[in-house]
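Chain residues, written in single-letter form:
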Amino acid sequence: MSSSDTLRFRHNQALLVAAVVAFFGALPLAAARWYLLPVLLVPLLLGGWAWRAGTDVTAQGLCLRALAGQRRVRWEQIVELGADPAGRAVARLTDGQTVTLPAVRRDDLPRLVAVTERPAPGPADQSIQ
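Residues numbered from 1 in each chain as written. Predicted model: local features only at pLDDT ≥ 70, side-chain atom pairs only at ≥ 80, totals over all residues. Heavy atoms only, no water.

1. What about the sheet that holds strand β3 (residues 61–66)?
Sheet strands associate in pairs through backbone hydrogen bonding, adopting either a parallel or an antiparallel arrangement. As summarised here, the arrangement of the 4 strands in space is β1-β2-β3-β4, forming an open sheet in which the pairing is antiparallel. Looking at the sheet topology across the chains shown, the edges are occupied by β1 (7–10) and β4 (69–74). The average undirected angle you get between the axes of adjacent strands in this sheet is 15°. Here strand β2 (residues 54–57) pairs with β3 via 4 bridges, running antiparallel. The residue of β3 that forms the bridge with D56 is C63. (Pairing = 2+ DSSP bridges. Helix = DSSP H or I, 4+ residues; strand = E, 2+ residues; numbered from the N terminus. Axes fitted to C-alpha atoms, helices over the stretch in contact; angles between N-to-C directions.)

2. Regarding the environment of G25
Following the sequence through the fold, G25 ends up in helix α1 (residues 14–32). With 15 residues separating them along the chain, G25 and L40 place their C-alpha atoms 9.4 Å apart.

3. Description of the packing of α1 against helix α2 (residues 41–52)
Their axes nearest at 8 Å, the elements α1 and α2 cross at an angle of 165°. In terms of their interaxial angle, α1 and α2 are classed as roughly antiparallel. For the pair α1 and α2, the crossing hand works out as left-handed. Residues L15, L16, A19, A22 and F23 of α1 lie in contact with α2, whose contacting residues are P43, L44, L46, G47, W49, A50 and W51. Grouping the constituent residues of the contact of α1 with α2 by class yields 11 nonpolar, 1 polar and no charged. (Parallel < 35°, antiparallel > 145°, perpendicular 65-115°, else oblique. Left-handed = near helix turned anticlockwise from the far one by under 90°. Contact = heavy atoms within 4.5 Å. Nonpolar A, V, L, I, M, F, W, Y, C, P; charged D, E, K, R; others polar.)

Printed below as a string of structure tokens:
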């Protein structure tokens, strides 16, 4: 891969479909009384999160996206990649923090490391507690 390539990890798009179904399912309830209108926020927030949240991987580093914000982590800041007991991919940083990589699973780590164009940082097959 060239350094301009970006590998994107996103949650399953079935979550977005579920949010749309939940929104239309909540419409009759929200229309019944004005004070029930905030019920519509739940599927809207879920849909926004499903659309946006994930991890973008480039040769320069990671971009961890959430519903409202993002965090960039350069490869030089990453000491080790691994997985937690639930199978989610995590990165241990030079300052000792452990960061969960949104939408990246244990099985995705080899593809993630392939984008770095450098040796894997730490043992990618061990679990990080």
